[in-house]
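One letter stands for each residue in the lines below.
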Amino acid sequence: MSWTDRRPPWLPPIPPPHPGRWLIVTGLIILAAAFVFILVMTVIGGTHTLYTLLAILVGLAFLLGGLLRRR
């Protein structure tokens, strides 16, 4: 190993390789589940509640938080 292979101490630490990925995946799972629930309830003739909107808002918050963290 050469002396050029080491990082100089004055450089900032290397960020993690995939920042925000777990937020994006969690948001997509929540959104997909909410939309599948909406489709299933539409097909069987059930009624939707406003709690479905809460699930969509939480999923969007996770998704946007993950996307903003990636920059």
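Above: the structure in question.
These notes cover the structure that comes with them. (Residues numbered from 1 in each chain as written. Predicted model: local features only at pLDDT ≥ 70, side-chain atom pairs only at ≥ 80, totals over all residues. Heavy atoms only, no water.)

Topic: the nonpolar core
Counting five residues, the largest nonpolar core consists of I24, L31, A34, I56 and L63. Counting only elements with at least two residues in this core, the list comes to α1 (21–44) and α2 (51–70). It is α1 that contributes the most residues to this core, three residues altogether. Apart from the residues lying within four places of it in its own chain, the contact partners of A34 are T52, A55 and I56. (Core = buried A, V, L, I, M, F, W, Y, C linked by side-chain atoms within 4.5 Å. Buried < 20%, exposed > 50% of the residue type's maximum accessible area, 1.4 Å probe, protein only. Helix = DSSP H or I, 4+ residues; strand = E, 2+ residues; numbered from the N terminus. Contact = heavy atoms within 4.5 Å.)

As for α2
Compared with an ideal rise of 1.5 Å per residue, which puts 20 residues at 28 Å, α2 spans 29 Å between its outermost C-alpha atoms and is within 8% of the ideal. Among the residues of α2, T52, I56, G59, L63 and G66 are the ones counted as buried. Within α2, the buried residues cover an arc of 100 degrees as seen down the axis, which keeps them to one side. Turned more than 90 degrees away from the buried face of α2, the exposed residues are Y51, L57, L64 and L68. (Expected span 1.5 Å × (residues − 1). Arc of directions from axis to C-beta.)

Some words on α1
In this model, α1 (24 residues) spans 35 Å end to end at C-alpha, consistent with the 34 Å of a helix rising 1.5 Å per residue. All of the buried residues along α1 are L23, I24, G27, L31, A34 and M41. Contacts made by the buried residues of α1 are with α2.

Comments concerning the packing of α1 against α2
Closest axis-to-axis distance for the α1/α2 pair is 7 Å, and the angle between their directions is 155 degrees. Comparing the axis directions of α1 and α2 gives the class roughly antiparallel. For the pair α1 and α2, the crossing hand works out as left-handed. Split by residue class, the contact of α1 with α2 holds 17 nonpolar, six polar and three charged. (Axes fitted to C-alpha atoms, helices over the stretch in contact; angles between N-to-C directions. Parallel < 35°, antiparallel > 145°, perpendicular 65-115°, else oblique. Left-handed = near helix turned anticlockwise from the far one by under 90°. Nonpolar A, V, L, I, M, F, W, Y, C, P; charged D, E, K, R; others polar.)

Here we look at a nonpolar patch on the surface
A contiguous nonpolar patch, built from V36, V40, V43 and I44 and spanning about 410 Å² of accessible area, is present on the exposed surface. With respect to the secondary-structure elements, I44 resides in helix α1. Residue I44 is classed as exposed on the basis of its relative accessible area, which comes to 62%. (Patch = residues over 30% accessible without salt bridge, like charges linked within 9 Å, V, L, I, M, F, W, Y side chains within 5 Å. Areas by Shrake-Rupley, 256 points an atom, 1.4 Å probe, with all protein chains shown as cover. Salt bridge = Lys/Arg side-chain N within 4 Å of Asp/Glu carboxyl O.)

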